[in-house]
Amino acid sequence: MKCQQCDNPAVFHITELEAGNVREVHLCEEHARVYLNQSEGGEGGDSGDPGAGEGKGSKGGTLAGSLGVGQTAEDLAILDKRCCDMCGITFFEFRNQGRLGCPHDYLQFEKELDPLIANIHGATEHTGRRPSRPVPAGAGDAGSGTDGLTAIIGLRRGMKEAISREDYESAKDARDAIRAIEDAWMPPAAKAGEENA
Amino acid sequence: MRLDTLTNSIGEWLRGTGPDSDIVMSSRVRLARNLAQFPFVSRATEQDRADTERVLRERIAAVPVGRELDYIDVGHLAEIDRRFLVERQLISREHADAQGARGVAIDRLEQVSLMINEEDHLRIQCMHSGLDLHGAWEQIKVVDDQIERVVSYAFHPRWGYLTACPTNVGTGIRVSVMLHLPALVITRQIDKVFRSLHKISLAVRGLYGEGSQAMGDFYQISNQTTLGRTEDELVQQVADVVPVLIDYERRARDFLVRETQQNVHDQVSRAYGILRTAQTISNEETMQLLSRVRMGVLLGLIGDVKLSDINSLLIRTQPAHLQKLRGGDEDSSDDIERARYLRHHFEGGDSQSRASAN
Ligand SMILES: [Zn+2]
Ligand SMILES: [Zn+2]
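In this text the structure is predicted, and so the values were computed from the model without any measurement. Position labels on residues start from 1 in each chain and follow its written sequence. Chain A is the first chain written and ligand 1 is the first ligand written, with later ones labelled in order. The predicted nature of this model means local features are confined to residues of pLDDT at least 70 and side-chain atom pairs, given and counted, to a pLDDT of 80 or more, with totals for whole chains, interfaces and linings taken over all residues. In computing side-chain values, all of the structure's heavy atoms are included and hydrogens and water are not.

Let's shift gears to the domain arrangement of chain B. All names here are of chain B. Residue ranges for the domains trace back to a domain assignment, done automatically or taken from a database. Domain assignment breaks chain B into domain 1 (3–178) and domain 2 (250–357). Placing the centre of domain 1 and that of domain 2 at their C-alpha centroids yields a distance of 30 Å. Buried area: the accessible area, evaluated with a 1.4 Å probe, that two parts lose upon being put together, summed over both parts. When domain 1 packs against domain 2, close to 1900 Å² is buried across both sides, 57% of that on carbon and sulfur atoms. On the domain 1 side of the contact with domain 2, Ile10, Asp22 and Glu87 bury the most area, a combined 30% of that side's loss. We define a salt bridge as a contact between a side-chain nitrogen of Lys or Arg and a carboxyl oxygen of Asp or Glu at a distance within 4 Å. In this assembly, domain 1 and domain 2 are joined by three salt bridges. When the shortest N-O distance is used, the salt bridge between Lys324 and Asp81 registers 2.5 Å. Polar contacts, as counted here, are pairs of nitrogen or oxygen atoms within 3.5 Å of one another; within protein the pair requires one atom able to donate a hydrogen and one able to accept it, and residues that are adjacent in sequence qualify only if both atoms are side-chain atoms. Between the two partners, domain 1 and domain 2, sit nine residue pairs in polar contact (both at pLDDT 80 or more). When contributions to the side of domain 1 that touches domain 2 are tallied by element, the ones reaching two or more residues are α1 (2–7) and α3 (79–87). In terms of residue class, the side of domain 1 that touches domain 2 is made up of seven nonpolar, five polar and eight charged. Under the scheme used here, helices are H or I runs from DSSP no shorter than 4 residues and strands are E runs no shorter than 2 residues, and both carry numbers assigned from the N terminus. In the scheme used here, Gly and all other residues not listed as nonpolar or charged are polar, with Ala, Val, Leu, Ile, Met, Phe, Trp, Tyr, Cys and Pro taken as nonpolar and Asp, Glu, Lys and Arg as charged.

Quick look at the structure:
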């Protein structure tokens, strides 16, 4: 995908919310910097940028507003540094890319995502189809869905870190924990398939 | 390689049949799904992507989804082949341009496609000819249910199916129809119609064109929200608006024939004339003229051209298709080759056009 303002590849995918509408902005690194500066109410007022001249904070402001945090830069800065326990994505990275890092982010950033999702969809409650197979017995709390399985993402990261500091004891513990979760969650039909294979 | 067999056929969704296929080119439903145990694609390491791809490829192969599927390793495909799949709408541009392990499973009729490691781990798509949203939805449900037996989709009781972008969360469903609306464009009513669609939160996108610029009067209408309503309700939301648009377009076509018969006949004939005689022609102009000829065929102003032929030409005159059809000949430019292909086609000596009509 190309940048919306030049021919360079778009690397930043920003989801903008304005008056209940969602708009996706795709920009190269350079244009994204100008755009985001401007969004934060910074100095970047170059003409030709999307929404130039709409006034301070017209972009980041709506996002921050719909995120339910105060308008101050300090509040946003604190929020931006928070990160997911599983995949490690920071809220800042999510804001920039408009893409989450892993399924656990929906729980980790629940408070912040709630108003954002309400704004996008006009709803915060899924009423559609559900997986027919519930959370396996003993594999976790049904109320948090498949989050028990998503815990593997954090364990995998921990295992890698342990290996890099040559802490093989911890790495082995993490590996065993991963295997236990995988076993508990393996769908019966998949298990049968793998045993036959 | 199976791609070469695709070159000489056209997808089922292009055959130009099915309800209201004079206006509705195709009906499509797609579902976004992710495996609970891996990071979303944009956050995944190379290893994560490879693992996700392997798990999905193997498990999908192990269950019957109602169709025999062929798997294409998009990560190791040449650029022209990736573009070829984009032109056939079997993969997205983003999927073609992405990095790392990824692939697509498609059925022989090109109705079902399963993209692995696009923005989400799995994007299931069903595409039917004409207006058949319910048929596409019934088909995709079977595919989704079968795969769900052997994987754990990331799911939360309150948020529904968890997706990389919050704009898809919940049902993960995108319901769309591709419409051919030349008369609404000619009579300059199209913007008015689309403004009213935005009010009921449906998205409108031009087809084939880069960005939002429509090419050849083809437009895609789709739902914008995915959470808070059931899949059936979201399918119905799009299904409800299509008859209204069909009615507008039909009335605009009637108006053109009634009030400006000579003018329209002239426009259509000129378009047909250029397509049959041009020595060099761009992709954009080809689309535009094919669109007019398509309307001419439907209004009975051009007799000897089949709808499925026009539909197929819309795809086959795209750059990657042309390049594959002409094989190794790199000497002539795309525009010259496109004109040659069109002339040859309309002279009626083209075996491929007969093959495409089945
Ligand atoms: Zn740029
Ligand atoms: Zn995460």
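Our next topic: the sheet that holds strand β9 (residues 202–206) of chain B. Residue and element names in this part refer to chain B. If DSSP finds at least two bridges between two strands, the strands pair. Read across the open sheet, the eight strands follow the order β2-β3-β4-β5-β1-β8-β10-β9; overall the sheet is antiparallel. Edge positions in the sheet fall to β2 (69–72) and β9, since each has one partner strand and no second. The sheet shows a mean angle of 20° between the axes of neighbouring strands, taken without regard to direction. Along the sheet, helix α7 (residues 190–199) contacts β9 and β10 (218–223); its crossing angle with β9, the most-contacted strand, is approximately 145°. Between the N-to-C directions of two axes lies an angle of 0 to 180 degrees, each axis being a line fitted to C-alpha atoms and, for a helix, fitted only over the stretch in contact. We call two residues in contact whenever any of their non-hydrogen atoms come within 4.5 Å of each other.

Compared with an ideal rise of 1.5 Å per residue, which puts 18 residues at 26 Å, helix α8 (residues 168–185) of chain A spans 26 Å between its outermost C-alpha atoms and is within 8% of the ideal. Here the buried face of α8(A) lies against α7 (147–164) of chain A. A helix's residues, less one, multiplied by 1.5 Å, set its expected span.

Only Phe, Tyr and Trp rings take part, Trp by its six-membered ring, and two of them pair if their centres are within 6.5 Å. Stacked means planes under 30 degrees apart, edge-to-face means over 60, and tilted covers everything else. Throughout the structure, instances matching the rule amount to seven aromatic pairs over all chains. Seen from their ring centres, B:Phe155 and B:Tyr161 are 5.0 Å apart, and the 70° between their planes marks the pair as edge-to-face. Side by side, B:Phe155 and B:Tyr161 carry an identical accessibility label, which is buried. In this structure an aromatic cluster arises from ring pairing among A:Phe91, A:Phe94 and A:Phe109. The lysine or arginine in question, B:Arg158, covers the ring of B:Trp159, its NZ or CZ lying 4.3 Å from the ring centre. Exposure classes here rest on a 1.4 Å probe applied to the protein chains alone. A residue is buried below 20% of its type maximum, exposed above 50%, and partly exposed in between. Only when the NZ atom of a Lys or the CZ atom of an Arg is both within 6 Å of the ring centre and within 35 degrees of the ring normal do we say a charge sits over the ring.

Turning next to helix α6 (residues 110–121) of chain A. Residue and element names in this part refer to chain A. When the terminal C-alpha atoms of α6 are compared, their 15 Å separation across 12 residues agrees well with the 16 Å that a helix rising 1.5 Å per residue should span. Listed in full, the buried residues belonging to α6 are Glu112, Leu113, Leu116, Ile117, Ile120 and His121. For α6, the buried positions fall inside an angular range of 130° around the axis, keeping them on one side. The positive-phi residue at the C-terminal boundary of α6 is Gly122, with phi of around 70°. Think of the arc as the fan of directions from the helix axis to the C-beta atoms.

Residues and elements named next belong to chain A. Any N, O or S atom lying within 2.8 Å of the metal counts as a donor, and for Na, K and Ca the limit rises to 3.2 Å; water is left out, so some sites can look incomplete. Within the first shell, the zinc ion (ligand 2) binds the protein through Cys84 (SG), Cys87 (SG), Cys102 (SG) and Asp105 (OD), at distances of 1.9 to 2.3 Å. Positions of the donor residues of the zinc ion (ligand 2) along the chain correspond to the pattern C-x2-C-x14-C-x2-D. Residue Cys84 shares its accessibility class with Cys87, and that shared class is buried.

Our focus in this paragraph is the packing of α3(B) against helix α11 (residues 319–326) of chain B. Residue and element names in this part refer to chain B. Interaxial distance between α3 and α11 falls to 8 Å at its minimum, and their mutual angle equals 125°. With respect to α11, the element α3 is oriented oblique. Crossing handedness for the pair α3 and α11: left-handed. Along the contact surface, α3 presents Ile80, Asp81, Arg83, Phe84 and Glu87, while α11 presents Pro319, Ala320, His321, Gln323 and Lys324. Tallied by class, the residues present in the contact of α3 with α11 amount to four nonpolar, two polar and four charged. Note on angle classes: values under 35 degrees are labelled roughly parallel, values over 145 roughly antiparallel, values of 65 to 115 roughly perpendicular, and the remainder oblique. Less than a right angle of anticlockwise turn of the near helix away from the far helix marks a crossing as left-handed, whereas a clockwise turn marks it as right-handed.

Moving on, we get to the interface of chain B and chain A. Many descriptions give the size of an interface as the accessible area lost when the pieces come together. Between chain B and chain A, the residue contacts involve 49 residues of the former and 52 residues of the latter. Surface buried jointly by chain B and chain A totals about 4300 Å² across both partners, of which 53% is contributed by carbon and sulfur atoms. Of all residues in chain B, B:Arg43, B:Arg158 and B:Trp159 bury the most surface against chain A, accounting for 16% of the area lost on that side. At the junction of chain B with chain A, the criterion picks out seven salt bridges. Here B:Arg158 makes a salt bridge to A:Asp114, at a shortest N to O gap of 3.2 Å. Along the contact surface separating chain B from chain A lie 25 residue pairs in polar contact (both at pLDDT 80 or more). Elements supplying a minimum of two residues to the side of chain B that touches chain A: α2 (46–62), α4 (93–97), α5 (133–148), β6 (155–156) and β7 (160–161) of chain B. Here the side of chain B that touches chain A gets five residues from one element, more than from any other, and that element is α5(B).

Here the focus is the pattern of salt bridges. The tally for this structure, following the rule as stated, stands at 34 salt bridges over all chains. Across the salt bridge formed by B:Glu249 and B:Arg253, the nearest N and O atoms sit 2.6 Å from each other. On the criterion of helical spacing, the pair formed by B:Glu249 and B:Arg253 is a turn pair, its members being four residues apart in helix α8 (residues 231–277). On the basis of relative accessibility, which here comes to 0%, the residue B:Glu249 falls in the buried class. Residues joined by salt bridges that share partners form a network here, namely A:Arg99, B:Glu118, B:Glu119, B:Asp120 and B:Arg123.

A word on the environment of B:Asp232. Residues and elements named next belong to chain B. Structurally, the position occupied by Asp232 is in helix α8. As a C-alpha pair, Asp232 and His134 span 98 residues in sequence and 8.8 Å in three-dimensional space. Among the polar contacts made by the side chain of Asp232, one reaches the side chain of Trp137 at a distance of 3.0 Å.

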